[in-house]
Amino acid sequence: VLLVDDQELIRTGFALILSTSGAGGGPSVEVVGEAGDGVQALRVMQRLAEQDRLPNVVLMDVRMPGMDGIEATRLIIRDYPDSRVLVLTTFDLDEYALAAIEAGAGGFLLKDARAPELVAAVRSVAEGDAVMAASLTRRLISRLRDSAEPVGNPQGPNPNGSGRATADIRDGARSTEDAAAILERLTDRERDVFALIAEGLTNAEIGDRLFLSVSTVKTHVGRVLTKLELRDRVHAVILAYEAGVR
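From a predicted model like this one, the values you see are computed outputs, not experimental measurements.

### Topic: the sheet that holds strand β5 (residues 107-110)
Okay, step 1: Read across the open sheet, the five strands follow the order β2-β1-β3-β4-β5; overall the sheet is parallel. With partners counted over all chains shown, the strands left at the sheet margins are β2 (33-35) and β5, one partner each. Put simply, the sheet's adjacent strands are angled 20° from each other on average, direction ignored.
Okay, step 2: Where strand β4 (residues 84-89) meets β5, four bridges bridge the pair, whose relative direction is parallel. Counterpart to Leu88 in the pairing with β5 is Leu109.
Okay, step 3: On the sheet, helix α3 (residues 69-79) packs against β3 (57-61) and β4 and is oriented at approximately 160° with respect to β3.
Okay, step 4: Sheet strands in contact with helix α5 (residues 115-126) are β3, β4 and β5, and its direction is about 130° off that of β3.

### As for the pattern of salt bridges
Okay, step 1: If you walk through the whole model with that rule in mind, you get 11 salt bridges.
Okay, step 2: A salt bridge links Arg74 to Glu71; the nearest nitrogen and oxygen atoms lie 2.6 Å apart. Note that Arg74 and Glu71 are positioned in helix α3 at a spacing of three residues, about one turn of the helix.
Okay, step 3: Residue classification places Glu71 among the buried residues on the basis of a relative accessible area of 14%.
Okay, step 4: The salt bridge partner of Glu199 is Arg209, with a shortest N-O separation of 3.7 Å. Note that Glu199 is positioned in the loop between α9 (188-198) and α10 (203-210) and Arg209 in helix α10, a separation of 10 residues in sequence.
Okay, step 5: By relative accessible area, which is 34% here, Glu199 ends up partly exposed.
Okay, step 6: Among the ionic contacts, a cluster of salt bridges with common partners joins Asp5, Asp61 and Lys111.

What counts and what doesn't
- All residue numbers refer to position in the chain's written sequence, counted from 1.
- Where local features are concerned, this predicted model is filtered to residues with pLDDT of at least 70; where side-chain atom pairs are given and counted, the filter is 80 or more; whole-chain, interface and lining totals use all residues.
- The side-chain numbers reported here are obtained from all heavy atoms of the structure, hydrogens and water having been left aside.
- Two strands form a pair only when DSSP identifies at least two bridges running between them.
- Under the DSSP-based scheme used, a helix requires at least four consecutive residues in state H or I and a strand at least two consecutive residues in state E, with every element numbered from the N terminus.
- Fitted lines through C-alpha atoms serve as axes, helices being fitted only where they are in contact, and the angles separating the N-to-C directions of these axes extend from 0 to 180 degrees.
- Contact criterion: two residues are considered in contact whenever any of their non-hydrogen atoms come within 4.5 Å of each other.
- Salt bridges are counted wherever a side-chain nitrogen of Lys or Arg sits within 4 Å of a carboxyl oxygen of Asp or Glu.
- Residue burial is assigned from relative accessible area. The probe radius is 1.4 Å, only protein chains are included, and a residue is buried under 20% of its type maximum, exposed over 50%, and partly exposed in between.

Spelled out as structure tokens, the structure:
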């Protein structure tokens, strides 16, 4: 894991939590580097790449001086696609965090999460799962349905590259017919799961709705993402919007 946060105390705390995470019997987490802003994060990533030690996960703060977490996320995903980014922020309605996820981050976590939640989120993202606060997923759905308010267009003092996330999504947008045709790859049950993902439901909530275990739901979600060639749940929501799934 690479830790990116402009507060040294935060990085120290996260490093301590992650480095001792294997004490409970689970796989250990190694912190391979730290950075205080986006520019430094890119330098560390380049150095780690030269050492063949690229991190599985980049734990990324959003609001930092210089290059913020949005632009850093976009560049890391572009240049190091095998590394995934887990965004951390203080507020669940942080516009910067939303834009960073649209830039390609694999998850979103609040800084007030408990230590076990942080460790679990890092491991899940490392395994290719998306970690997403339900409130953010639902907010994204609302934004996508409101064409008057572009997604990922934060207002603030340091919006480096933030509008690019929206443009990337809009530039690659599919027609409703094309998106709907893609959904033909799914079985009836997978369509049910996909529709509930589009509503912003968590795996547990989907399980309750469909009377399935959480592990079964997780399997279905994985198959849906694989068949539709989607990076994570956020992009599943975007596809659902394009396909007219409500």
